[in-house]
Amino acid sequence: MADAGALVRGKAPDGSGFIRAGSGGPVLFIHGVGMDAAIWQPQIELMRDRFDLVAIDMLGHGASPLPPQNAELSDFADQAIGLLDHLGLERVAVVGHSMGALVAQEIALRHPSRVGSLVCLNAVFRRPPELAHAVRERAAALGGPGDPSAIAATIARWFGNPIPPPLSDAAATARTALESVDPQGYARTYRLFAHADTAHVDRLGSLAVPGLFMTGSDDRNSTPAMSAAMARLAPSGQCLVLNGEKHMMTIASPKEVTQHITAFLDGVANERTEAGPAFDAMEFRRALGSFLTGVTIVTTVDEAGDPRGFTANSFTSVSLEPPLVLVCIAKKALGHQAFSTSRGFAINILSEAQKAASGIFASKAADKFASVAWQSGRTGNPLIEGSVAVFDCAMEQLVDAGDHSILIGRVHDFTHNGAQPLGYCRGAYVTPGLSQEALAAAPPGTKVGAILENEGRVLFFEAADGACQLPAGRGLGAANDARSLRGKLAAKAIEADLGFLYAVWDDATDASRTHVYYRGTVDSPLSGDGQVRFVEIERIAELKIADPAVRSMLARYARERTEDTFGVYVGNEVEGEVRPLAKPAPSAPIHSGPIHSGQR
């Protein structure tokens with residue numbers, strides 16, 4: 001820690017020059033192209049009573065050695081890490097200006113354990129083509145920064161032409177730095193700067209520390225749009241635009257800029273104090289991923305009338321009266337603006353068959369809706385065909401919540417069916433029910449049956465003596481296997497969808513024989529076969545069913561169907577246990593239409 005009253009100029013073993021002053025939490029300052037550590041003098045004077053401040057001369061500037069001929073951002077980042085090692089500083093806040101902001105980001109991304117917070121001032125990011133062309137032309141034409149005409153053009157860009165009188169001292173400071181910088185150091189660094197605006201496009205999303213992206217409203221080279229884009233990508237990013245400020249606002253308005261820097265650093269420190277021990281955000285995310293959820297595609301229509309959508313598993317019901325649901329969207333998401341300003345949205349709960357659609361809507365594909373069949377709902381929101389359930393909502397409330405926004409919707413219309421939903425857990429898709437494919441490896445004697453429902457009725461096969469049986473066969477099989485479940489259904493032209501596992505038990509008389517029953521649905525009533533019968537659930541108890549185990553299972557099904565709390569029976573014909581499941585969406589009666597009071 002530096003002496004609070006002293007300003008120390010020094011050199012690291014690699015020759016890097018630096019200034020150090022103050023006492024308190026450590027902060028590393030990194031200047032822009034053509035400047036040096038002394039450009040931070042106003043911030044040092046304003047912050048030295050509360051912070052341990054280190055300002056580095058970046059490679060090719062001030063007292064530091066030249067960068068390599070074809071320098072990369074990693075060269076400048078490694079220089080800074082070497083200085084921190086020399087000074088014995090394990091973790092610092094990093095404040096960078098312009099090119100220094102790119103170096104600061106590189107440090108935070110390459111060495112996340114060494115950075116506690118990040119402040120990027122007047123940073124560049126994905127320059128538009130015309131601006132990129134102009135910067136690269138200047139880089140190619142460099143003949144040395146001592147050229148008076150080049151310096152005059154730079155000062156005019158930074159401060160205006162003519163220079164406003166209140167900015168004359170700041171302009172003079174910048175001019176002195178430009179006139180004294182090493183020509184080779186300046187040229188090598190500027191050429192890197194001219195091409196480094198896209199260096200972190202695909203990496204800012206992994207920034208592990210809080211970041212402040214601040215620029216001036218009148219900075220035409222490091223525009224407000226650039227800072228806003230970076231803040232959206234950074235998981236804990238903030239954007240701040242200072243009205244009327246240009247590129248050199250650090251020396252043009254040092255008090256205001258420094259006030260915002262210290263306020264941000266104080267805010268980060270306070271959050272850590274309140275949170276207690278160090279909080280591992282990535283471990284927290286992995287822990288949250290242990291919660292098994294469904295998968296949805298959330299859709300809306302933007303101001304231009306174009307459909308927009310994203311994949312989400314952060315969906316839940318909120319209220320039955322009034323009917324409310326919610327979903328969360330990250331503030332950095334490209335569609336955040338469209339959803340946060342929309343009048344409504346739809347939530348499409350995906351089936352297992354829609355795994356590919358989930359991946360497309362989670363990507364940056366240009367035309368996501370070309371991959372799915374959809375139609376407009378009553379509120380105008382896109383509704384995706386084939387979904388397990390769809391909720392068409394008007395926006396009830398938008399809630400700000402950390403790095404996400406919560407969209408609370410009032411449900412105006414909904415549909416649902418009994419298809420198997422798509423699950424998601426620990427970064428992978430999962431099947432909530434027992435895999436039907438697994439039955440292919442089951443013993444040949446396994447009896448596989450199904451409770452198939454349609455609009456509150458269950459399908460039975462009725463014998464000549466009036467006895468009723470559920471569809472069942474030897475194994476799951478195929479349609480051409482007459483003894484299997486699928487073969488027996490195919491023989492009667494029954495098209496069924498098997499869903500969740502419902503019961504598994506061993507035969508009491510033959511321990512090698514296992515019974516497996518699924519819940520499922522039949523899409524439409526059948527006719528033309530006198531043996532096929534649909535029975536209302538509440539009348540199943542009146543049927544003549546020979547197998548006592550099946551009779552007991554159906555009594556449980558009728559009870560659980562009424563309570564909407566299903567489980568899986570595991571045991572034998574005589575005894576066993578019902579193991580509860582997470583409550584699935586009801587498979588029947590299938591409803592489509594507007595919600596009325598008291599309806600869900």
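From a predicted model like this one, the values you see are computed outputs, not experimental measurements. (Residues numbered from 1 in each chain as written. Predicted model: local features only at pLDDT ≥ 70, side-chain atom pairs only at ≥ 80, totals over all residues. Heavy atoms only, no water.)

## What about the overall build of the protein chain?
A tally of helices and strands in the protein chain yields 15 helices and 30 strands. Taking all 600 residues of the protein chain together, the buried fraction comes to 48%. Sequence separation of at least 24 residues holds for 68% of the intrachain contacts in the protein chain that already meet a minimum separation of 6. Element-wise, carbon and sulfur atoms account for 52% of the exposed surface of the protein chain, whose accessible area totals about 28,100 Å². (Helix = DSSP H or I, 4+ residues; strand = E, 2+ residues; numbered from the N terminus. Buried < 20%, exposed > 50% of the residue type's maximum accessible area, 1.4 Å probe, protein only. Contact = heavy atoms within 4.5 Å. Areas by Shrake-Rupley, 256 points an atom, 1.4 Å probe, with all protein chains shown as cover.)

## Thoughts on the pairing of strand 8 (residues 237–242)
Here 6 bridges tie strand 7 (residues 211–216) to strand 8, and the two strands are oriented parallel to one another. The partner of glycine 211 across the bridge, within strand 8, is glycine 237. In the classification by handedness, the crossover that spans strand 7, the intervening helix 8 (residues 224–233) and the parallel strand 8 is right-handed. (Pairing = 2+ DSSP bridges. Right-handed = clockwise from strand over helix to strand, strands pointing away.)

## Focus: the sheet that holds strand 4 (residues 51–56)
Read from one edge to the other, the open sheet built from 8 strands follows the order 1-2-4-3-5-6-7-8, with strand pairing classed as mixed. Two strands lie at the open edges of the sheet, namely strand 1 (7–11) and strand 8, each paired on one side alone. On average, adjacent strands in this sheet sit at an angle of 20° to one another, irrespective of strand direction. Pairing of strand 2 (residues 17–22) with strand 4 involves 5 bridges; the strand directions are antiparallel. Looking at strand 4, one finds that phenylalanine 18 is bridged to isoleucine 56. Set on the sheet, helix 2 (residues 73–87) makes contact with strand 1, strand 2, strand 3 (25–30), strand 4 and strand 5 (92–97); between it and strand 4 the angle comes to about 135°. (Axes fitted to C-alpha atoms, helices over the stretch in contact; angles between N-to-C directions.)

## Focus on the packing of helix 4 (residues 129–140) against helix 7 (residues 183–195)
A packed helix pair is summarised by two numbers, namely the angle formed by the two axes and the spacing between the axes. The contact between helix 4 and helix 7 brings their axes to 9 Å, and the two run at 160°. By the angle class used here, helix 4 and helix 7 are roughly antiparallel. When the axes of helix 4 and helix 7 are compared, the crossing they make is left-handed. Note on element contacts: helix 7 touches helix 4 through Tyr190, Arg191, Ala194 and His195, opposite Val135, Arg136, Arg138 and Ala139. (Parallel < 35°, antiparallel > 145°, perpendicular 65-115°, else oblique. Left-handed = near helix turned anticlockwise from the far one by under 90°.)

## Observations regarding the pairing of strand 11 (residues 307–312)
Pairing of strand 10 (residues 296–301) with strand 11, which is carried by 6 bridges, proceeds in the antiparallel orientation. Within strand 11, the position partnered with valine 298 by the bridge is phenylalanine 310. The hairpin turn running from strand 10 into strand 11, its antiparallel successor, is 5 residues long, and glycine 305 in that turn takes a positive phi close to 90°.

## Describing the nonpolar core
Among the nonpolar cores identified, the biggest contains 93 residues, and Met99 and Phe159 are the most heavily contacted of them. Ignoring any residue separated from it by four or fewer positions in sequence, one finds phenylalanine 159 in contact with Pro164, Leu167, Ala170, Ala171, Ala174, Lys246, Met248 and Ile251. Of all hydrophobic cores here, the second largest spans 20 residues; its members include Phe460, Ala549, Val550 and Leu554. (Core = buried A, V, L, I, M, F, W, Y, C linked by side-chain atoms within 4.5 Å.)

## Focus: unusual backbone geometry
Residues other than glycine predominantly adopt negative phi, and peptide bonds predominantly adopt the trans conformation. The omega torsion of the bond from asparagine 161 to proline 162 falls at 5°, within 30 degrees of zero and hence cis. Between glutamate 321 and proline 322 the backbone carries a cis peptide bond, its omega angle lying at 0°. With respect to the helices and strands, the residue proline 322 is situated in the loop between strand 12 (315–319) and strand 13 (324–330). Although it is not a glycine, serine 98 adopts a positive phi angle of roughly 55°. Mapping serine 98 onto the fold places it in the loop between strand 5 and helix 3 (99–110). A positive phi is found at asparagine 122, a non-glycine position, where the angle reads about 50°. The topology assignment puts asparagine 122 in the loop between strand 6 (115–121) and helix 4.

## Some remarks on the sheet that holds strand 20 (residues 428–430)
Strand order in this open sheet of 3 strands is 9-19-20, and the pairing throughout is antiparallel. Two strands lie at the open edges of the sheet, namely strand 9 (293–294) and strand 20, each paired on one side alone.

## Concerning helix 4
Taking 1.5 Å of rise per residue, the 12 residues of helix 4 would be expected to cover 16 Å, and the 16 Å separating its terminal C-alpha atoms lies within 8% of that figure. Here helix 4 has its buried residues at Leu131, Ala132, Val135 and Ala139. Down the axis of helix 4, the sector holding all buried residues measures 100°, keeping them to one side. Seen from the buried face of helix 4, the exposed residues on the opposite side, beyond 90 degrees, are Pro129, Glu130 and Ala140. In the core, the buried residues of helix 4 are packed alongside helix 7 and helix 8. (Expected span 1.5 Å × (residues − 1). Arc of directions from axis to C-beta.)

## Quick word on the environment of glycine 473
Along the chain, glycine 473 falls in strand 24 (residues 472–474). On a C-alpha basis, the gap between glycine 473 and leucine 489 in space is 9.3 Å, while along the polypeptide they are 16 residues apart. Residues contacting glycine 473, with those up to four places away along its chain left out, are Thr446, Lys447, Val448, Arg483, Ser484, Leu485 and Lys488.

## Examining the packing of aromatic side chains
Counted according to the given criterion, the structure contains 10 aromatic pairs. Each ring, one from tyrosine 502 and one from tyrosine 557, has its centre 5.5 Å from the other, and the planes form 80°; the classification is edge-to-face. Placement of tyrosine 502 in strand 25 (residues 496–506) and of tyrosine 557 in helix 15 (residues 548–563) is noted, with a sequence separation of 55 residues between them. Here the aromatic cluster, defined as three or more aromatic residues joined through ring pairs, consists of Tyr186, Tyr190 and Phe193. Residue placement shows arginine 556 over the ring face of tyrosine 502; its charged tip is 4.0 Å from the ring centre. (Phe/Tyr/Trp six-rings, centres within 6.5 Å; stacked < 30°, edge-to-face > 60°. Lys NZ or Arg CZ within 6 Å of the ring centre and 35° of its normal.)

## Considerations on the pattern of salt bridges
Enumeration according to the criterion identifies 15 salt bridges in this entry. Here arginine 556 makes a salt bridge to glutamate 560, at a shortest N to O gap of 3.1 Å. Of this pair, arginine 556 and glutamate 560 both sit in helix 15, 4 residues apart, which is roughly one turn of that helix. In terms of burial, arginine 556 and glutamate 560 fall into one category: buried. Salt bridges linked by common partners bring Asp78, Glu106, Arg110 and Arg203 together as one network. (Salt bridge = Lys/Arg side-chain N within 4 Å of Asp/Glu carboxyl O.)

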